[in-house]
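In case you want the letters, here they are:
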Amino acid sequence: MIALALVRGVPSTFARAISARPPDVPIDVARARAQHAAYVAALRSLGPTIVEIPADDAFPDCVFVEDAAVVARGAALIARPGAASRRGEVDAVAAALAGRAEIHRMEAPATLDGGDVLRAGDSIYVGLSARTNAAGAARLAEVFGPRGLAVRTVELPPGVLHLKSVCSPLGNDCVLVAAGALPASTFRVARVLVAPPDEARAANAMACAGGALVAARCPETQALVEAAGLRVVPVDTSELAKADGALTCLSILVD
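Definitions and cut-offs
Residues numbered from 1 in each chain as written. Predicted model: local features only at pLDDT ≥ 70, side-chain atom pairs only at ≥ 80, totals over all residues. Heavy atoms only, no water. Helix = DSSP H or I, 4+ residues; strand = E, 2+ residues; numbered from the N terminus. Rg over C-alpha atoms; globule rule 2.2 N^0.38 Å. Buried < 20%, exposed > 50% of the residue type's maximum accessible area, 1.4 Å probe, protein only. Areas by Shrake-Rupley, 256 points an atom, 1.4 Å probe, with all protein chains shown as cover. Lys, Arg positive; Asp, Glu negative; His and termini not counted. Charge placed at Lys NZ, Arg CZ, Asp CG, Glu CD. Salt bridge = Lys/Arg side-chain N within 4 Å of Asp/Glu carboxyl O. Pairing = 2+ DSSP bridges. Axes fitted to C-alpha atoms, helices over the stretch in contact; angles between N-to-C directions. Contact = heavy atoms within 4.5 Å. Phe/Tyr/Trp six-rings, centres within 6.5 Å; stacked < 30°, edge-to-face > 60°.

Enquirer: Explain the overall build of the protein chain here, please?
Expert: Broken down by element type, the protein chain carries four helices and 15 strands. Taking 255 residues into account, the globule formula puts the C-alpha radius of gyration at 18 Å, and the protein chain, at 17 Å, falls close to it. Principal-axis analysis of the C-alpha atoms places the extent of the protein chain at approximately 40 × 40 × 35 Å. Put simply, the protein chain has 255 residues, and 56% of those count as buried. Accessible surface, the protein chain as shown: approximately 10,300 Å² in total, 54% of it carbon and sulfur. Side-chain charges in the protein chain split into 24 positive and 26 negative, and the spacing between the mean points of these groups amounts to 3 Å.

See the structure below:
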């Protein structure tokens, strides 16, 4: 059961966050903050206690807190993000997790972004990407293997930023995947739900305590998730998406 969720505020420098392609319309920081507040309220409505880490203007991407740590079964692996400019984000996250999980660190040459890590049942899937390397995956196995979690690597297609850019867990036995993004055999789960091509962004959903945050204006995917037995809360994070962010990027769930 998810007890709490860590989130982090939107810094005033967010308009300088990393983006694969500069947005046609520049980031509106005030609008991003309003969308983030709505996201936090929606997540709170699913039940977890919210712990908010203050934003740090020195790190434009710090709102994407998921990339800073992987937490499961009482352990927290503090990541070493693939983008060097983001590595200073992790200390505040480690401090917030202290006392809530056993803290483990990652050292060079390992790199890992939490957005490349998907947990379903007793498996942790880790995408090998421009941000996460084999040494990062090996460090995951060192920390979580003794806790009964099998770490399985996933080769990502070119151009995919993170594993969870194209998929997300909907519980221990179900994964939501964007159409055509990954082979059906990638995940050892009972059910794989496929988000339609014109709603690919909705493949990143945030499941928690019998509910799920799902990207707004994606009715077919919302219906799929509801049919899987989850209460759907639509959330608009379009301004945050200008910096390649999605729903899972904005929190770390702690069980």
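Enquirer: What is the right way to read the pattern of salt bridges from this model?
Expert: Working definition: two side chains of opposite charge can pair if their charged atoms are close together. One pass over the structure, following the stated rule, counts 14 salt bridges. Its salt-bridge partner being R73, residue D122 comes within 2.5 Å of it at the nearest N-O pair. Taken together, the positions of D122 in the loop between β6 (117-120) and β7 (123-128) and R73 in the loop between β3 (69-72) and β4 (75-78) put the pair 49 residues apart, joining distant regions of the chain. Relative accessible area serves as the criterion here: at 47%, D122 is assigned to the partly exposed category. Across the pair R105 and D91 runs a salt bridge whose closest N-O atoms are separated by 3.5 Å. Of this pair, R105 sits in the loop between β5 (102-104) and β6 while D91 sits in helix α2 (residues 90-97); the two residues are 14 residues apart in sequence, bridging distant segments of the chain. What makes R105 partly exposed here is its relative accessible area of 37%. Three or more residues joined by partner-sharing salt bridges are found here, namely R31, E239 and K242.

Enquirer: When you look at the sheet that holds strand β12 (residues 206-208) in this model, what are you seeing that I'm missing?
Expert: One key point about sheets: their strands pair by backbone hydrogen bonds, in either a parallel or an antiparallel sense. Spatially, three strands are ordered β12-β13-β14 in an open sheet, and the strand pairing comes out mixed. In this open sheet, the two edge strands, each paired with only one partner strand, are β12 and β14 (231-235). Between one strand axis and the next, the sheet turns by 20° as a mean value, whatever way the strands run. Contacts between helix α4 (residues 219-227) and the sheet are confined to β13 (211-215) and β14, with β13 contributing the most and set at about 170° to the helix.

Enquirer: What am I meant to see in the sheet that holds strand β11 (residues 191-195) here?
Expert: Strand order across the open sheet formed by three strands is β9-β10-β11, with mixed pairing between neighbours. In this open sheet, the two edge strands, each paired with only one partner strand, are β9 (167-169) and β11. Across the sheet, the axes of successive neighbouring strands diverge by a mean angle of 20°, strand direction being ignored. Here strand β10 (residues 174-178) pairs with β11 via five bridges, running parallel. Looking at β11, one finds that V177 is bridged to V194. Contacting β10 and β11, α4 crosses the sheet at an angle of about 165° to β11.

Enquirer: For this particular structure, what's the right way to read the packing of aromatic side chains?
Expert: The geometry of an aromatic ring pair comes down to the distance between the two centres and the angle between the two planes. Enumeration according to the criterion identifies two aromatic pairs in this entry. Measuring from ring centre to ring centre gives 4.9 Å for Y125 and F187, while their planes differ by 75°; the resulting arrangement is edge-to-face. With Y125 in strand β7 and F187 in the loop between β10 and β11, this residue pair connects regions lying 62 residues apart in the sequence. Look at Y125 and you get buried, because its relative accessible area is 1%. We classify F187 as buried; its relative accessible area is 5%.

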